Structures are given as structure tokens and as C-alpha cells.
Amino acid sequence: SPTVRKMLQKLVLFRFLRPAAILSAALRCASSGTVDVKVPLNFWCGDRVKIKDVSTTEPVYEPATGRVLCELELCGSVEVNQAVQAAQSAYQAWSRMSGMERAHIMIEAARIIENRREDIAEIEVVNNGKSITEARMDVDSARLCIEYYAGVASTLAGQHIQLPGGSFAYTRREPLGVCVGIGAWNYPFQIAAWKSAPALACGNSMVFKPSPVTPVTAVMLAEIYAKAGAPEGLFNIVQGGQETGNLLCHHPDVAKVSFTGSVPTGKKIMEMCSKGVKQVTLELGGKSPLLIFEDSDLGNAVKGALMANFLSQGQVCSNGTRVFVQRQMLPEFLEEVVRRTKDIEIGDPLLERTRMGALVSRPHLDRVLGYVEQARKEGAKVLCGGEPFVPLDPKLRGGYYMTPCVLGDCTDDMTCVKEEIFGPVMSVLSFETEEEALLRANNSALGLAAGVFTSDVKRAHRVVEHLKAGSCFINNYNITPVEVPFGGFKMSGIGRENGQVTVEHYTQMKSVFVEMGDVDSLF
């Protein structure tokens, strides 16, 4: 057809680009209609799998343009069983390897990711909508996580305990078996790595279900592990929505489920896993407070507030969306934060200058804009933004864009302050005293993160001690080094991701007693 011929002519111009970059160009060059991804997005037994007699598909969209990228084949019970069986088979070989042997393969996977950094980042942008700058950072985080746990793999060890009479006991830290990871749509590639790296380092295998909204890059990670030398079936991808997730949680051969997503879904997963007494890790929602005291450095406080609200178009669970500013500092803070927010470059997420791309879907964009309108009705003042944004580029006019929003005159009882919006909306509140700020900051059922800006080091540590949140930041926000555990208090989750402590969530302890003398029997 003329459309296909035109598309192929344009692709000739990209003949020196790497394969993933060509795919990205192809997706952006298509003038109309659905662009099919050429290979399936499910993966087990070491290869991509096309489902036979597929009964259900869902469209996958490009947020920047609103175009359909592909039709996603959803896995049912047959496919879930096949993936879990593949993982079981791989587990038998992988769990018997030494930590050094597993580390060698993981380091190779990290090397491949580093070499394909730009390719992965571009595809992540096409499927997720975030800026290319942020996507590169996400790919780097994934690589660093795999490198970190490759180092941990060879350090897994038990303990020797001396007992009376020369007898002794020792402990063995053993893998769980087949683990399930269920990812969210805001960090597709990074979450796949954050969940798989500690699981694999500890000797487990994994079946991973990405969000059906952003299913494209997880399968790239599966291919990378396979290319690095992992046994067939070690890391598998099953695509689907709620039904597929239910099948995984109920599967009798699954030992653990690690989930990132909303609180309501996390509760359902916990309930399903309880029927099989499966271990769970839950990284759920947040409505985190950011406390800015009058002695703060204004420039850093403003930059911190921007980082706490506008990364990934505000679609970050740990975002500090309740910004409490001490009253004496409020006027100058608002002036500067509004000025900086208005300067944020919105548009094509594949362009280097873009700092805010598209929200992930049309329904989600409408939901976020609805929160802004609700805030206005409840008495908040829209200081800037909060409106649909239409880029000048005609290719982008069907995309899901909005202007980043700062809300002033907010109070604790407003919907925008109580509920997780998950979009580029900052709610600013004022406070008088430290005690008042802490009381209001902790007045939430959620406790994923919190932050404080102050030049008083004693106050900083004192405030952090009393904040009921799992990840706290002093004079910074939203930094997530893989060496540091990440997770929440209260309804924001159970368990941790990253850091040494995660080993305990992917292993089980076996105690062995060794008698060196005769049995001292009561009978």
C-alpha cells in the first residue's frame, strides 16, 4: 500500500540505526492505523511465544501520539501453566549453581543492558510516554540493580552455632522456588529488573507479568537474561490483566508474589496468596509529605519539590505531593516554584529538550484533570497548569499531555490532599510549628515516603525519626540508589525492594542440628 511504501522509504534513512531504534522510528513514522509489533510479547522456555488460538487481545497505545502500537495477546491458564513449568525446570538447575556462577551470568546481562541502553530507553519512551532523559536513568537503575545483586549472590551464607558436648548446628539460606513478579506501568523495565535481580541472585526463577498498559520492554529483559546464558525458563514473561494475575497468585507451584501497584489490588493479591500461605512483597501507593522549614535553602527546596512531584509526569508512587511550607517562607517559595513549573518543557518525549512527556493513557489523563477540577471546586487555587496540553507537532496532537499544576490554599480535608492523584499535581499547604507539621504529615493511612528540607541538622534527624514512612529524604527527594532498601509503612506495603535486606524476602532459612555424641533419651 502507499502507506507501507512511504514508511519503508523513511526507514531506509535509518538503516544504520540499531534494531530497537529502527522499531522506534517505524512506530513514529506510521501515518495511520495500527502498527503491529513484529514479534510476540510473551516469553518462556527461552524464546518469545505466540499464543495458539488466542481468544483475547488488548490494544497497546503510544502515549505521545495516541496511536495503537500492537494488540497484546493475553495469557490464560494454559499459558500460565506453561510459563510456571518452564520456571520450575530452570529452577532445578539454577538453584544448584554456586553464587559465583549465577553472578557471572547476571554481570553479563548487565553488560548487555549497558550496550543496549539507548535502544531500551527509546522503546520505553514509545510505550510509556516519559522523557528520554528519564528513560535512560531507568535503564541505568535496572543495570545497577542487576550488578548489585550479582555481587550479593556469592555472599549468601548461613551461620554456625556451637552446642554443648561438641555438637553444633548450622543454618542454610535456601531459595524459595518459582517467584512471581507483577509490575506497574510507570517504570516497566526498571521494575522488572528490581524484582528479578534479587530473586535470581538468591537462586530462584521468576515468572513476571508486566502491566498490560506497558508490556513491551519486560520481554527485552527476558531476552537479555537468555542471551547472557541463563537457563531456559529462568525469567519468563506472561502478558495479561487481572485474570492472568489471579492465575499466578493461585498457582500451587508459585512460592512468592512480589507486586508493585495500587493499595486495593495489593490487598486482593495478599488475600489470594494467603490461601496458599505464599510469601508476598507489596510496594503500594503513597500520599507522601514534604516538609520545608523556613531555614531551608530556597533554591534546593524548590528543586526538591519539583523532583518530588513532576518526575515521570507525576506518576511516581513515592512522590511528595503534600508540600508543607512553613508560613514565613510560603510567599517566596510559591513565587519560585510556580515560575520553575511554568518553564518545564512539555512535548515529544523522544526529544532531548523535553522534560515532561505524555501521561500513560487517555483515561488516566482524564482522571488527573478531574482531580484538578475537584480541587478548584473545594477551594484550592490553581496557581499554574492543570490543563490539557496540545503540542504544535501534528503527530502528537492525539497524545495524553497536560500542563504541570501547582495548587495553593490547600487544606488537609481536600480530596487533592487526601487521595493519590498519580499525576503532575503539587498541593501546597502552610504550617506554623514543627509539631503541627509532623501531626499533619503523619495523618494518612499511607506511609511510603517523606522528606524534610532544613539547614538545622538536629531538626532534620528529629523530624525524620517521627515521620511514619519507609523511605525518608533529608534535603533531597526521590533518589533511589539500589543499595538502599525501598518500601513503605502502614498501607503502603510489606517488605522491601533493593538493598541487602531483600535477600530475606527471596530465601528461607533451614536449621540443621548435628549430634556428635549419643542420644540423651527420656525413654
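Here the structure is a predicted model, which is why all the values come from computation and not from measurement.

Calculation notes
Residues numbered from 1 in each chain as written. Predicted model: local features only at pLDDT ≥ 70, side-chain atom pairs only at ≥ 80, totals over all residues. Heavy atoms only, no water. Helix = DSSP H or I, 4+ residues; strand = E, 2+ residues; numbered from the N terminus. Rg over C-alpha atoms; globule rule 2.2 N^0.38 Å. Buried < 20%, exposed > 50% of the residue type's maximum accessible area, 1.4 Å probe, protein only. Contact = heavy atoms within 4.5 Å. 1 Å grid on protein atoms, 1.4 Å probe; cavity = no way out; pocket = protein on both sides within 12 Å on 5 of 7 lines; lining within 4 Å. Points joined across faces, edges and corners; volume = space filled by probe spheres on them. Nonpolar A, V, L, I, M, F, W, Y, C, P; charged D, E, K, R; others polar. Salt bridge = Lys/Arg side-chain N within 4 Å of Asp/Glu carboxyl O. Pairing = 2+ DSSP bridges. Axes fitted to C-alpha atoms, helices over the stretch in contact; angles between N-to-C directions.

Side note on the overall build of the chain
Line of reasoning, step 1. Each helix and strand in the chain was counted, giving 16 helices and 22 strands.
Line of reasoning, step 2. Relative to the 2.2 N^0.38 estimate, which gives 24 Å for 523 residues, the radius of gyration of the chain is 25 Å and therefore close to what a compact globule would have.
Line of reasoning, step 3. Counting only C-alpha atoms and orienting by the principal axes, one finds that the chain spans roughly 80 × 70 × 40 Å.
Line of reasoning, step 4. Per-residue burial over the chain gives 57% buried out of 523 residues.
Line of reasoning, step 5. Of all intrachain contacts in the chain linking residues separated by at least 6 positions in sequence, the fraction that spans at least 24 positions is 74%.

Some words on empty space enclosed by the protein
Line of reasoning, step 1. In this structure the tally under the stated criterion is four cavities of 30 Å³ or more.
Line of reasoning, step 2. By volume, the largest cavity is sized at about 60 Å³.
Line of reasoning, step 3. Pro 289, Ala 441, Leu 446, Ala 449 and Lys 468 are the residues nearest the centre of the largest cavity, which is lined by 15 residues in total.
Line of reasoning, step 4. Within the residue set of the lining of the largest cavity, elements represented by two or more residues are strand S17 (446–447) and strand S18 (449–453).
Line of reasoning, step 5. Taken together, the residues that form the lining of the largest cavity break down as eight nonpolar, four polar and three charged.
Line of reasoning, step 6. Estimates place the volume of the second largest cavity at around 50 Å³.
Line of reasoning, step 7. In terms of lining, the second largest cavity is formed by Gly 286, Lys 287, Gly 314, Val 316, Cys 317, Asn 319, Thr 321, Glu 420, Ile 421 and Phe 422.
Line of reasoning, step 8. Per-class residue counts for the lining of the second largest cavity are four nonpolar, four polar and two charged.

Digging into the pattern of salt bridges
Between side chains of opposite charge, pairing is possible as soon as their charged atoms come close.
Line of reasoning, step 1. Taken as a whole, this structure holds 23 salt bridges when the rule is applied.
Line of reasoning, step 2. Residue Glu 174 is joined to Lys 510 by a salt bridge in which the shortest nitrogen-to-oxygen separation is 3.1 Å. You can see Glu 174 sitting in strand S6 (residues 168–175) and its partner Lys 510 sitting in strand S22 (residues 507–514), a full 336 residues away along the chain.
Line of reasoning, step 3. Looking at Lys 510, the relative accessible area reads 40%, which means it is partly exposed.
Line of reasoning, step 4. Arg 440 serves as the salt-bridge partner of Glu 436, at 2.7 Å between the closest nitrogen and oxygen. In this pair, Glu 436 and Arg 440 are both assigned in helix H15 (residues 434–441), four residues apart and thus about one turn of the helix distant.
Line of reasoning, step 5. Taken together, the salt bridges that share partners define one network made up of Asp 295, Glu 434, Arg 459 and Arg 462.

What to know about the sheet that holds strand S16 (residues 425–431)
Line of reasoning, step 1. Strand order in the open sheet formed by seven strands is S14-S15-S16-S13-S12-S18-S19, and the pairing between neighbours is mixed. Edge positions in the open sheet fall to strand S14 (381–384) and strand S19 (471–474), since each of these has one partner strand only. Direction aside, the axes of adjacent strands within the sheet are offset by 25° on average.
Line of reasoning, step 2. Sheet topology note: the strand S12 (residues 289–292)/S18 ladder contains three bridges and is parallel. In the strand pairing of S18, Leu 291 is matched with Val 452.
Line of reasoning, step 3. Helix H12 (residues 330–342) rests against S12, strand S13 (322–326), S14, strand S15 (405–408) and S16 of the sheet, and its axis sits at about 55° to S14.
Line of reasoning, step 4. Relative to S19, helix H16 (residues 457–466) is tilted by about 165°, and along the sheet it contacts S12, S18 and S19.

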